[in-house]
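# Residue-level structural notes
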Amino acid sequence: MPFGFVYKCDNCQFSVRVSGLWEYYVDGKGFRQRYGHPGPNSNQAKKAGVKGFTFQGYCPTCREVHEAIVIEFVEPQSGSLGACLAYSNSDVQHKEFDPVCDICGTKLIDDLENELCPKCNAGHFIEESRFMS
Ligand SMILES: [Zn+2]
Ligand SMILES: [Zn+2]
């Protein structure tokens, strides 16, 4: 499911990677953790189940990549595939959110084409490659 883009500055070669959707779980302390893909990256993750998906997008205001929750299940789902199926099943309750920056509240974007480079402030981003995980 995770899919992403790499954008590179046409002046200084600085690159930015935006991607989603990534499975996450909530640990015993209530913190959001990366679940792992395609399988859980720990027993704790496996036990907790997939609570939802996050998106790593670019904040045009902070000018850096931030991660935000875009889908949250009411009940954690078992495994990545289970979570994908649950998302397409309208009987499974979930909430959807616009990905916004946790620092400033600006909507995160995945299309950086022609955005001004935050590193050199002279070049602009162009799409370099796409990847699937
Ligand atoms: Zn640059
Ligand atoms: Zn921001």
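Look above for the structure.
Residues numbered from 1 in each chain as written. Chains lettered and ligands numbered in written order. Predicted model: local features only at pLDDT ≥ 70, side-chain atom pairs only at ≥ 80, totals over all residues.

## Here we look at helix α2 (residues 79-88)
Burial in α2 covers these residues: S80, A83 and A86. Take α2 and look down its axis: the buried residues cluster within an arc of 125°, on one side only. Exposed and facing more than 90 degrees away from the buried side of α2 are L85 and S88. Lining the buried residues of α2 we find β2 (15-26), β4 (50-59) and β5 (64-77). (Buried ≥ 20, exposed ≤ 12 C-beta atoms within 10 Å, placed from the backbone. Helix = DSSP H or I, 4+ residues; strand = E, 2+ residues; numbered from the N terminus. Arc of directions from axis to C-beta. Contact = placed C-beta atoms within 7 Å.)

## Describing the nonpolar core
Among the nonpolar cores identified, the biggest contains 22 residues, and L21, F53 and F125 are the most heavily contacted of them. Setting aside residues up to four positions removed in sequence, F53 forms contacts with G20, L21, W22, E23, Y24, V70 and I71. (Core = buried A, V, L, I, M, F, W, Y, C linked by C-beta atoms within 7 Å.)

## Some remarks on the environment of V92
Within the element layout of this structure, V92 appears in the loop between α2 and β6 (94-96). V92 sits in the partly exposed class, given 15 other C-beta atoms within 10 Å. Sequence separation of V92 and E75 is 17 residues, and the distance between their C-alpha atoms is 8.6 Å.

## Details of unusual backbone geometry
With an omega of -5°, the peptide bond running from G20 to L21 counts as cis. Among the secondary structure elements, L21 is positioned in strand β2. Note the cis peptide between H37 and P38, where omega equals 5°. In this structure, P38 sits in the loop between β3 (32-34) and α1 (43-48). Phi is positive for Q13, which is not a glycine, with a value near 75°. Exposure remark for Q13: the 12 C-beta atoms within 10 Å place this residue in the exposed category. At N114, a position not held by glycine, the phi torsion is positive, near 75°.

## Comments concerning the environment of I109
Residue placement: I109 occurs in the loop between β6 and β7 (125-132). Once the C-alpha coordinates of I109 and G57 are considered, the two residues, 52 residues apart in sequence, prove to be 5.3 Å apart. Apart from residues lying up to four places away in sequence, I109 is in contact with G57, Y58 and P60.

## As for the pairing of β5
With 9 bridges connecting them, β4 and β5 associate as antiparallel partners. Within the sheet, the bridge partner assigned to T54 lies in β5 and is I69. Between β4 and β5, which pair antiparallel and follow one another directly, the connecting turn spans 4 residues, one of which, R63, has a positive phi of 60°. Bridge count between β5 and β6: 3 bridges; the pairing is antiparallel. Bridged to E72 within β6 is K95. (Pairing = 2+ DSSP bridges.)

## Thoughts on the pairing of strand β1 (residues 3-9)
Two strands pair when backbone bridges link them, and β1 and β2 are joined in this way by 6 bridges, in the antiparallel orientation. Bridge pairing in β2 links G4 to S19. Remark: 5 residues form the turn of the hairpin made by β1 and β2, two consecutive strands paired antiparallel; Q13 in that turn has positive phi of roughly 75°. Across 7 bridges, the pairing between β1 and β7 is antiparallel.

That's the geometry; what it means functionally is another story.
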